[in-house]
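Structural overview for review
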Amino acid sequence: MVLDNYRTLLLDNGYQPLSVLGWQRALLLDLSERVDVVEYYDDVEVHSPSRTFALPAVVRLRQYLRRVPRVLPYSRRNVLVRDEGTCQYCGRQPSWGKLTVDHVMPRSRGGGSSWENVVTACGPCNSVKGDMTPEEAGMPLLREPIRPGLFRQGRLAVRIQDIPEEWRLYLAG
Ligand SMILES: [Zn+2]
């Protein structure tokens, strides 16, 4: 795996998953003693001129943090989160970089950018649908787009197949 692709799972101090960090940030949190490293990646290390670092796979916050449910703000990325990276027309799950957001009622026809009018679509479906509604295009939606309810912090943007072995124990249940 390319070094940049390594991510670190951040746990709260009760070992509940909180979020996903780039390993660089996790390393800084470790060096500043704000987290304890729970698991390291076995297959990789980083070298600075003077030191060698193991990459943290899972870290745990030292400080107690109240878990506050929060409302997921509307954004392109969070539309992908809501739809779990799944094209709402064909059900495919390409990489996130290849996904687009589609206006169910096209923008050119007055459709707004809101939770209720925007869905995740793969590039091919988006261009086939073009300026049509799903009915006109004969492309029914897999799920009606809705405003998501409260999301627990940390339930973000990790696809099942992207979860490293080192995290699995901490994501169970
Ligand atoms: Zn599609």
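Refer to the preceding data block for the structure.
Everything numeric in this text was worked out from a predicted model, so none of it was measured.

1. Description of helix α1 (residues 23-31)
- Listed in full, the buried residues belonging to α1 are Trp-23, Ala-26, Leu-27 and Leu-29. Relative to the axis of α1, the buried residues are bounded by an arc of 160° and lie together on one face.
- Just past α1, the residue Glu-33 takes up positive phi, approximately 60°.

2. What to know about the pattern of salt bridges
- Per the counting criterion, the structure on display carries 6 salt bridges.
- A salt bridge links Arg-60 to Asp-36; the nearest nitrogen and oxygen atoms lie 3.7 Å apart. You can see Arg-60 sitting in strand β4 (residues 52-61) and its partner Asp-36 sitting in strand β3 (residues 35-47), a full 24 residues away along the chain.
- Among the salt bridges present, the one from Arg-147 reaches Glu-116, with a minimum N-O distance of 3.6 Å.

3. Some words on the packing of aromatic side chains
- Under the counting rule described, the total for this entry stands at 2 aromatic pairs.
- Taking 4.8 Å as the distance between ring centres and 75° as the angle between the ring planes, the aromatic pair formed by Tyr-6 and Tyr-41 counts as edge-to-face. Of this pair, Tyr-6 sits in the segment before β1 (7-11) while Tyr-41 sits in strand β3, and the two are 35 residues apart along the sequence.
- Classification of Tyr-6 as buried rests on a relative accessible area of 2%.
- A relative accessible area of 4% places Tyr-41 in the buried class.
- Geometrically, the ring pair formed by Tyr-74 and Trp-115 is edge-to-face, given 5.4 Å between the ring centres and 90° between the ring planes. Of this pair, Tyr-74 sits in the loop between β5 (70-71) and α2 (76-82) while Trp-115 is found in the loop between β6 (99-103) and β7 (118-122), placing the two residues 41 residues apart along the sequence.
- On the basis of relative accessibility, which here comes to 2%, the residue Trp-115 falls in the buried class.

4. Points about the nonpolar core
- The biggest cluster of nonpolar side chains holds 17 residues, and the ones touching the most others in it are Cys-87, Tyr-89 and Cys-125.
- For this core, the secondary-structure elements that each account for two or more residues are α2 and β7.
- For this core, the leading source of residues is β7, giving 4 residues.
- In this view, Cys-87 contacts Arg-92, Thr-120, Ala-121, Cys-122, Cys-125 and Leu-142; residues no more than four positions away in its chain are not counted.
- Listed in part, the 15 residues of the second largest apolar core include Tyr-6, Trp-23, Leu-27 and Phe-53.

5. Digging into the environment of Arg-76
- With respect to the helices and strands, Arg-76 occurs in helix α2.
- Sequence separation between Arg-76 and Thr-120 is 44 residues; the distance between their C-alpha atoms is 8.8 Å.

Thresholds applied
- Residues numbered from 1 in each chain as written.
- Predicted model: local features only at pLDDT ≥ 70, side-chain atom pairs only at ≥ 80, totals over all residues.
- Heavy atoms only, no water.
- Buried < 20%, exposed > 50% of the residue type's maximum accessible area, 1.4 Å probe, protein only.
- Helix = DSSP H or I, 4+ residues; strand = E, 2+ residues; numbered from the N terminus.
- Arc of directions from axis to C-beta.
- Salt bridge = Lys/Arg side-chain N within 4 Å of Asp/Glu carboxyl O.
- Phe/Tyr/Trp six-rings, centres within 6.5 Å; stacked < 30°, edge-to-face > 60°.
- Core = buried A, V, L, I, M, F, W, Y, C linked by side-chain atoms within 4.5 Å.
- Contact = heavy atoms within 4.5 Å.

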